[in-house]
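Descriptive analysis of the structure
Residue-level listing of the chains:
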Amino acid sequence: MNGVATTSGKKADPLVKTFAKLPKRALSRVGVVDVGSNSIRLVVFDGAARSPAYFYNEKVMAGLGAEMATTGRLNPAGVERGFDALRRFAALARGMDIEPLTCVATAAVREAEDGPAFQERVERETGIRMLVIDGEEEARLSAQGVLLGWPEAKGLVCDIGGNSMELAEVEGGKVGRRATSQLGPFRLQQVKGGKDGLQKHIRKMMSELAEKLGTDHQRIYLVGGSWRAIARLDMERRGYPMTVLHEYRMTPKAVEETVDWIGANDLNDLRGRVGISSSRMELVPLASRVLSELVETFQPAELAISSYGIREGLLYEHMSESLRRRDPLIEAARFTERQMARMPGFGRKLYHFLLPLFGDVGPERERLIRAACLLHDTTWRAHPDYRAEACFDNVTRANMAALSHPERVFLGLALLHRYKNSRAKSPMEPLFALLDPDEIRDAEILGKAMRFGAMFAIDDPSDAGQLKLKDKKSKLELTLTRTGRSLMGEVAHSRFRSLCSAMGVEPLVSD
């Protein structure tokens with residue numbers, strides 16, 4: 001047995017098809033339990049929305065798969081910790097009225113001699129039906145999790161767990177070839193031959209994976225706690241101003257520099273600096289070796305961290321095709337507006353009113369403008385002195401998908417200017433470095449446009465006036481209606497002039 005298995009997706013075990021049979025419906029709550037080799041986690045999603053809302057999230061580092069490579073059995077202490085966690089999760093599910101839970105178990109339970117006994121005990125004593133999935137199905141679900149966060153994802157998804165590592169191709173919203181291997185850190189702890197023997201073992205297995213999936217993948221999406229830990233350490237090494245891991249990007253060169261940096265530093269010191277758990281940090285050196293070989297073998301142009309994996313892949317199963325095709329960012333912004341804005345629905349009207357200012361932007365910028373308008377009034381309950389920073393902080397840290405780090409900062413800066421004319425001495429200033437000067441200017445213009453438009457109307461700004469760029473875009477004309485003449489007071493005039501100043505155009509107000 002070479003430790004690497006693959007599939008083209010043409011044939012699957014009946015158990016593998018279980019999730020394809022789940023009803024495609026919008027549920028009020030979806031509860032998912034992921035029983036991994038290292039951790040067991042319960043996530044409750046607040047409905048099968050296109051952008052996941054985490055109603056509840058709890059993890060226990062049970063270590064079911066520790067030492068399994070030598071004993072062939074689940075770790076006894078891990079079994080008891082895992083059982084206690086699952087018993088608690090079952091009780092929580094009953095309390096939240098989300099039964100039955102969707103529960104999947106991966107490498108440790110499927111490969112251990114006593115895995116079936118653990119599975120039977122869990123079902124008998126907690127009522128949780130644990131579905132043990134094979135490596136290819138694990139790869140498929142992880143890849144679907146990436147597609148939930150990146151609808152346009154194209155490349156290779158790499159999911160590392162305690163006892164295995166899975167790869168899957170994604171392109172055009174579909175999952176292609178998949179492969180699984182025994183490259184999890186728990187497995188690698190048992191490899192003989194010292195550092196040289198370990199390196200040869202990793203290289204051999206990675207070469208087999210490359211033969212199955214090819215090496216023509218420009219981007220690799222990294223899924224799993226060990227990858228996230230390495231990414232967090234990369235942020236620390238670089239002095240990166242943001243600590244949101246989802247959509248964090250690394251170059252192959254940065255990966256190698258960080259792997260060397262980790263090896264040259266004390267792990268306890270690094271753990272204290274970034275807040276990684278001791279059980280996770282113990283696996284980082286071995287995971288670093290795997291990541292180095294992954295980069296060396298597949299030669300991607302870029303690596304991207306995904307916080308979404310199997311659990312989000314299960315949520316994706318509940319979605320209809322029409323829901324999957326929606327933009328996660330816009331769906332999240334619409335949901336937030338409905339829940340938190342004073343006048344839900346005004347954001348769409350504000351967007352159409354301001355559109356003449358941005359008519360020639362591309363689709364990537366247009367979606368940010370649309371999202372900003374939907375979110376422009378969602379922090380109104382904050383104290384006026386802190387609304388601007390609250391807007392920025394909410395967006396840059398929010399659990400939103402399909403939003404790169406520079407896009408987060410652009411959106412946050414636009415919303416900051418929605419409430420504040422100047423960004424001077426802002427505590428958020430270090431994050432502005434993720435944007436170039438033109439992007440900063442564009443965000444300021446969008447923010448000041450929303451700042452004017454939001455107070456220029458009661459229900460719909462278009463009822464009060466119309467904006468138009470004139471004379472080769474050197475002038476911005478605001479044509480007022482009868483309603484607009486009544487609303488165009490001193491503050492509105494001031495905000496309109498501020499917008500025009502940011503745009504570098506002459507303000508014109510006409511009846």
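Residues numbered from 1 in each chain as written. Predicted model: local features only at pLDDT ≥ 70, side-chain atom pairs only at ≥ 80, totals over all residues. Heavy atoms only, no water.

Overview of the sheet that holds strand β13 (residues 465-470)
A sheet is described by the order of its strands in space; here 3 strands give the open sequence β13-β14-β15, paired in mixed fashion. Only two strands of the sheet have a single neighbouring strand rather than two, namely β13 and β15 (506-510). For this sheet, the mean inter-axis angle between neighbouring strands, taken without regard to orientation, is 20 degrees. Relative to β15, strand β14 (residues 475-480) runs parallel, the two sharing 5 bridges. Each residue of the ladder has a partner; that of T479, found in β15, is S510. (Pairing = 2+ DSSP bridges. Helix = DSSP H or I, 4+ residues; strand = E, 2+ residues; numbered from the N terminus. Axes fitted to C-alpha atoms, helices over the stretch in contact; angles between N-to-C directions.)

Examining the sheet that holds strand β5 (residues 102-105)
One open sheet holds the 5 strands; their spatial order is β4-β3-β2-β5-β6, and the pairing between them is mixed. The two strands at the open ends of the sheet, each matched to only one other strand, are β4 (54-60) and β6 (130-132). Each adjacent strand pair in this sheet contributes to an overall mean axis angle of 15 degrees, direction not counted. Sheet strands in contact with helix α2 (residues 76-96) are β2 (30-35), β3 (40-45), β4 and β6, and its direction is about 165 degrees off that of β4. (Contact = heavy atoms within 4.5 Å.)

Some remarks on the pairing of β3
Within β3, 6 of the 6 residues are buried, which leaves the element mostly enclosed by the surrounding structure. Burial along β3 is two-sided: the residues I40, L42 and V44 and R41, V43 and F45 are all buried. Pairing between β2 and β3: 6 bridges, direction antiparallel. In the sheet register, V35 faces β3, and the bridge partner there is I40. Between the antiparallel neighbours β2 and β3 lie 4 residues. Pairing of β3 with β4, which is carried by 6 bridges, proceeds in the antiparallel orientation. The residue bridging I40 from the neighbouring strand is V60, located in β4. (Buried < 20%, exposed > 50% of the residue type's maximum accessible area, 1.4 Å probe, protein only.)

Brief notes about the pattern of salt bridges
Evaluated as defined, the whole model comprises 43 salt bridges. Among the salt bridges present, the one from D114 reaches R73, with a minimum N-O distance of 3.6 Å. With a gap of 41 residues between them, D114 in the loop between α3 (107-111) and α4 (115-126) and R73 in the loop between α1 (68-71) and α2 connect regions that are remote in the sequence. Judged by its relative accessible area of 37%, R73 is partly exposed. The partner of E80 in a salt bridge is R121, and the shortest N-O contact between them spans 3.2 Å. Taken as a pair, E80 in helix α2 and R121 in helix α4 lie far apart in primary sequence, 41 residues in all. Judged by relative accessible area, which is 21%, R121 ranks as partly exposed. (Salt bridge = Lys/Arg side-chain N within 4 Å of Asp/Glu carboxyl O.)

Thoughts on the packing of helix α15 (residues 328-340) against helix α17 (residues 363-375)
Running from amino to carboxyl end, α15 crosses α17 at an angle of 10 degrees, the nearest separation of the two axes being 8 Å. Here α17 runs roughly parallel to α15, going by the angle between their axes. Here L329, I330, A333, R334, T336 and E337 of α15 lie close against α17, whose contacting residues are R367, L368, R370, A371, L374 and L375. In terms of residue class, the contact of α15 with α17 is built from 7 nonpolar, 1 polar and 4 charged. (Parallel < 35°, antiparallel > 145°, perpendicular 65-115°, else oblique. Nonpolar A, V, L, I, M, F, W, Y, C, P; charged D, E, K, R; others polar.)

As for the nonpolar core
Membership of the largest hydrophobic core comes to 104 residues, with the highest contact counts inside it found for M165, L222, W227 and L354. If near-sequence neighbours (up to four positions away) are discounted, L354 is found in contact with C373, A449, M450 and L467. In this structure, L64, A93, M96 and V132 belong to the second largest nonpolar core, which totals 30 residues. (Core = buried A, V, L, I, M, F, W, Y, C linked by side-chain atoms within 4.5 Å.)

Quick look at the environment of R451
Turning to its location among the elements, R451 is positioned in helix α20 (residues 437-455). R451 gets classed as buried once you look at its relative accessible area, which sits at 16%. With 14 residues separating them along the chain, R451 and G465 place their C-alpha atoms 15 Å apart. The contact partners of R451, leaving out residues within four places of it in the chain, are H417, R418, Y419, K420, N421 and R495. Here R418 takes part through its backbone oxygen, which lies 3.5 Å from a polar atom of the side chain of R451. For R451, the side chain forms a polar contact with the main-chain oxygen of Y419, separated by 2.9 Å. (Polar contact = N/O pair within 3.5 Å; in protein donor to acceptor, adjacent residues only side chain to side chain.)

Section: the environment of E137
Residue placement: E137 occurs in helix α5 (residues 135-149). There is a polar contact of 2.8 Å between the side chain of E137 and the side chain of R140.

Focus on helix α16 (residues 346-354)
Residue pairs spaced three or four apart in an α-helix point in one direction, given the helix's 3.6 residues per turn. Where α16 is concerned, the buried positions are F346, G347, L350, Y351, F353 and L354. Axial view of α16: buried residues confined to an arc of 165 degrees, hence all on one face. Considering only its buried residues, α16 is in contact with α15, α17, α20, β13 and β14. (Arc of directions from axis to C-beta.)

Let's talk about the side chain of E331
Secondary-structure assignment places E331 in helix α15. Every residue in contact with E331, bar those within four places of it in the chain, is listed here: R50 and R326.

Section: α5
The first and last C-alpha atoms of α5 sit 22 Å apart over 15 residues, in line with the 21 Å expected at 1.5 Å per residue. When you tally the buried positions in α5, you get 15 out of 15 residues, the bulk of the element. (Expected span 1.5 Å × (residues − 1).)

So, the packing of helix α8 (residues 225-238) against helix α10 (residues 267-274)
At a minimum axis separation of 10 Å, α8 and α10 run at an interaxial angle of 85 degrees. Relative to α10, α8 is oriented roughly perpendicular. Residues R232, L233 and E236 of α8 form the contact with α10, whose own contacting residues are L270, R273 and V274. Residues of the contact of α8 with α10, tallied by class, amount to 3 nonpolar, no polar and 3 charged.

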